[in-house]
Amino acid sequence: MSEAQPGTNGRRGRLLALATLAAVAGAAAWSLRDLPAAFGRRPDAEREERLRSSPQYRDGVFHNAPSSLARDTARPEIDRGTVRRMLFEREGRTPVLPVPTVRSAGGPRPAADGVEITWYGHASALVEIEGARVLLDPIWSERCSPAAHVGPKRLHPVPVELEELPPVDAVLISHDHYDHLDMATVKRLVHSQSAPFAVPLGIGGHLRRWGVPEHRIIELDWDETCTLGDLVLTLTSAHHFSGRGFTRNTTLWGSWVIAGPTRKVFYTGDSGYFEGYAAIGEQHGPFDAALVQIGAYDEAWADIHMTPEDAVLAHRDLKAGLLVPVHWCTFNLGLHPWSEPVERLLAEAKAQAVPLAVPRPGERVDVDNPPELDGWWEGLA
């Protein structure tokens, strides 16, 4: 048996190390290949005039309305203590048992004549109102992130595949954060649906980059309305912020009024509690139901996410009937225990005599005949 020449093992080791580094770099590059596209696009130059004329736009960015209840923050305040808690205080923030989901039985059926809401998890929901269907903030990806293999991972499977949804009349987006506007889901909806995307000002730039046809993009400012048959959609205010990359607030954020001929539903999107809810209630209420954000709250970002108690306050300001909580359960985005949002909401809603429905992901709620609360979330975390 011949002996290895001096230095051969060293060269082989260096070559192996280089090959390993190349493989790791290649895998990283592959996993991040969609990152630039996922960041979206700043508002198109030819549409800048419309942005500049918005009452919410000044100094090159959008701003929240003045509020005595909340500050005009450009982003949540995250200090070292908050970062440390996010990284190391993880106990109880995810369920240890499977989250129960519901898959609707039966084949295609007409949209409800009344008002029915199907919550798919986090803020994604289908609102059926007097024969029309509206899809809210759909995210069907495994992670809410610009990268497919990095970022908050889904805590339960999607209850139904996106392509199995019935035809919808509109897709509504509240703002451009990754847990509300998902590139992969948008691209799938371009092929599986023919409905327009109604979005706040500036978000059309993202959609155009992702291949959404121009005729399917409707951009609105606060208090602007679009009419699709008997369906009237109005973008209303919220107290939040926007951004997908390194810039902030180049696109607008908002909430939505969904109105049929005689029935109405409200969706808060993401927001801190502010005077705007009372104004929306006076102008557009009463509502048969409201989908209200309850999760991912913390003192560090109290101005841009409501606590469960705030959610009940907002619901009453809106003059809404049934409260359906959203923005919880599906992704670990907050510092609180997983089930705390709904437990606190339940206590406050009971104290304020607010009607409440807490569906499992995928469960349909008939607003006129909501299911009884059964505590399905108890004991999962």
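Residues numbered from 1 in each chain as written. Predicted model: local features only at pLDDT ≥ 70, side-chain atom pairs only at ≥ 80, totals over all residues. Heavy atoms only, no water.

Notes on unusual backbone geometry
Under the convention used in this document: Strands here mean DSSP runs of E at least two residues long; helices mean DSSP runs of H or I at least four residues long; both are numbered from the N terminus. For every residue, the accessible area obtained with a 1.4 Å probe (protein chains only) is divided by the maximum for its type, and the residue is called buried under 20%, exposed over 50%, and partly exposed between those limits.
The linkage connecting glycine 285 with the following residue, proline 286, adopts the cis geometry, with an omega of 0°. Along the chain, proline 286 turns up in the loop between helix H7 (276-284) and strand E13 (287-293). Of note, aspartate 59 is a non-glycine position whose phi angle comes to about 55°, a positive value. If you trace the backbone, aspartate 59 turns up in the loop between strand E1 (57-58) and strand E2 (61-62). Relative accessible area serves as the criterion here: at 74%, aspartate 59 is assigned to the exposed category. Phi angles above zero are rare outside glycine, and aspartate 223 is one such case at about 70°. If you trace the backbone, aspartate 223 turns up in the loop between strand E8 (217-220) and strand E9 (225-228). With a relative accessible area of 52%, aspartate 223 lands in the exposed category.

Notes on the sheet that holds strand E7 (residues 197-200)
Under the convention used in this document: Only strands joined by at least two bridges in the DSSP assignment are considered to pair. Comment: axis = line fitted to C-alpha atoms, over the contacting stretch for helices; angle = value between 0 and 180 degrees taken between N-to-C directions.
Reading across from one edge, E8-E7-E6-E5-E4-E3-E15 is the order of the seven strands in this open sheet, with mixed pairing throughout. The sheet is open, and its two borders are formed by E8 and strand E15 (364-366), each paired with just one other strand. Taking each pair of neighbouring strands and ignoring which way they run, the sheet shows an average axis angle of 20°. With six bridges joining them, strand E3 (residues 115-121) and strand E4 (residues 124-129) adopt antiparallel strand pairing. Opposite valine 115, over in E4, you have isoleucine 129 as the bridge partner.

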